[in-house]
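Structural description and commentary
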Amino acid sequence: AQSVTQLDSHVSVSEGTPVLLRCNYSSSYSPSLFWYVQHPNKGLQLLLKYTSAATLVKGINGFEAEFKKSETSFHLTKPSAHMSDAAEYFCVVSDETGGYQKVTFGTGTKLQVIP
Amino acid sequence: DAGVIQSPRHEVTEMGQEVTLRCKPISGHDYLFWYRQTMMRGLELLIYFNNNVPIDDSGMPEDRFSAKMPNASFSTLKIQPSEPRDSAVYFCASSFRAAGTDTQYFGPGTRLTVL
């Protein structure tokens with residue numbers, strides 16, 4: 001079975017403080033994991049992805065995520081939030097199930113950055 | 001490249017009417033995905049194609065929905081007849097390889113309102 005849980009629907013941080021967006025996943029196979037960002041009225045854009053290489057993945061705009069198999073987690077972090085980071089973030093799990101690629105998006109976390 | 005192109009960007013129609021959404025993937029990409037995004041259900045994968053062939057349509061909500069990909073550069077998602085509960089933002093995405101290993105590039109979406 002494949003699933004992804006984003007533990008917080010809303011996160012609010014002050015500008016310049018660290019960001020932590022949490023994601024837990026379930027997969028019967030070796031999954032690939034992604035984080036996408038969606039700014040208001042825009043499509044989704046890839047932030048970073050994990051595909052069985054290094055467990056610490058660096059993405060665009062200073063974001064990074066660590067794949068922890070023992071904890072089935074793929075949390076997204078950034079050391080210092082910027083106003084432009086305010087957006088919705090989606091954690092995505094993908095694997096091959098029954099010969100098909102299956103993709104599941106999390107429900108999203110809205111990040112608010114307070115000046 | 002212009003990225004994934006979707007048309008129209010906005011569509012307002014009345015219940016019972018036929019609606020056709022269009023997508024042009026990035027040239028050279030052989031996977032194409034259709035998603036629906038609503039506040040209630042989040043982002044859902046409806047169907048995806050590989051080399052113009054539908055691979056998994058298990059996410060298509062019901063027979064009123066159909067999708068085609070007549071060639072590598074064009075796909076349509078049709079709803080006939082449309083209902084108010086179909087109101088959502090519909091995204092098209094394409095990737096070079098299967099979603100499990102490669103980035104999906106999203107279009108800007110079509111915001112559909114069914115009155």
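Residues numbered from 1 in each chain as written. Chains lettered and ligands numbered in written order. Predicted model: local features only at pLDDT ≥ 70, side-chain atom pairs only at ≥ 80, totals over all residues. Heavy atoms only, no water.

**Thoughts on the side chain of Gln37(B)**
On the secondary structure map, Gln37(B) appears in strand β4 (residues 31-38). Separated by 3.0 Å, the side chains of Gln37(B) and Gln38(A) make a polar contact. Setting aside chain neighbours within four positions, we find Gln37(B) in contact with Gln38(A), Phe90(A), Gly42(B), Leu43(B), Ala88(B), Val89(B) and Phe91(B). (Helix = DSSP H or I, 4+ residues; strand = E, 2+ residues; numbered from the N terminus. Polar contact = N/O pair within 3.5 Å; in protein donor to acceptor, adjacent residues only side chain to side chain. Contact = heavy atoms within 4.5 Å.)

**Describing the sheet that holds strand β8 (residues 74-79) of chain B**
Residues and elements named next belong to chain B. Taken in spatial order, the four strands of this open sheet run β1-β3-β8-β7, and their pairing is antiparallel. The strands lining the two open edges of the sheet, one partner per strand, are β1 (5-7) and β7 (65-71). Neighbour-to-neighbour, the strand axes of this sheet turn through a mean angle of 15 degrees, independent of strand direction. For strand β3 (residues 19-24) and β8, the ladder comprises five bridges, and the chain directions are antiparallel. Across the sheet, the residue bridging to Cys23 is Ser75, located in β8. (Pairing = 2+ DSSP bridges. Axes fitted to C-alpha atoms, helices over the stretch in contact; angles between N-to-C directions.)

**Quick word on the packing of aromatic side chains**
Inspection of the entire model under this criterion finds 16 aromatic pairs over all chains. Taken together, a centroid distance of 5.5 Å and an interplanar angle of 75 degrees make the contact between Tyr36(A) and Phe106(B) edge-to-face. Here the residue Tyr36(A) occupies a position in strand β5 (residues 32-38), and Phe106(B) occupies one in strand β10 (residues 105-106), the pair thus bridging two chains. Of the residues examined, Tyr36(A) reaches a relative accessible area of 2% and is grouped as buried. Here the aromatic rings of Tyr31(B) and Phe33(B) are separated by 6.4 Å at their centres, their planes lie at 15 degrees, and the arrangement is stacked. (Phe/Tyr/Trp six-rings, centres within 6.5 Å; stacked < 30°, edge-to-face > 60°. Buried < 20%, exposed > 50% of the residue type's maximum accessible area, 1.4 Å probe, protein only.)

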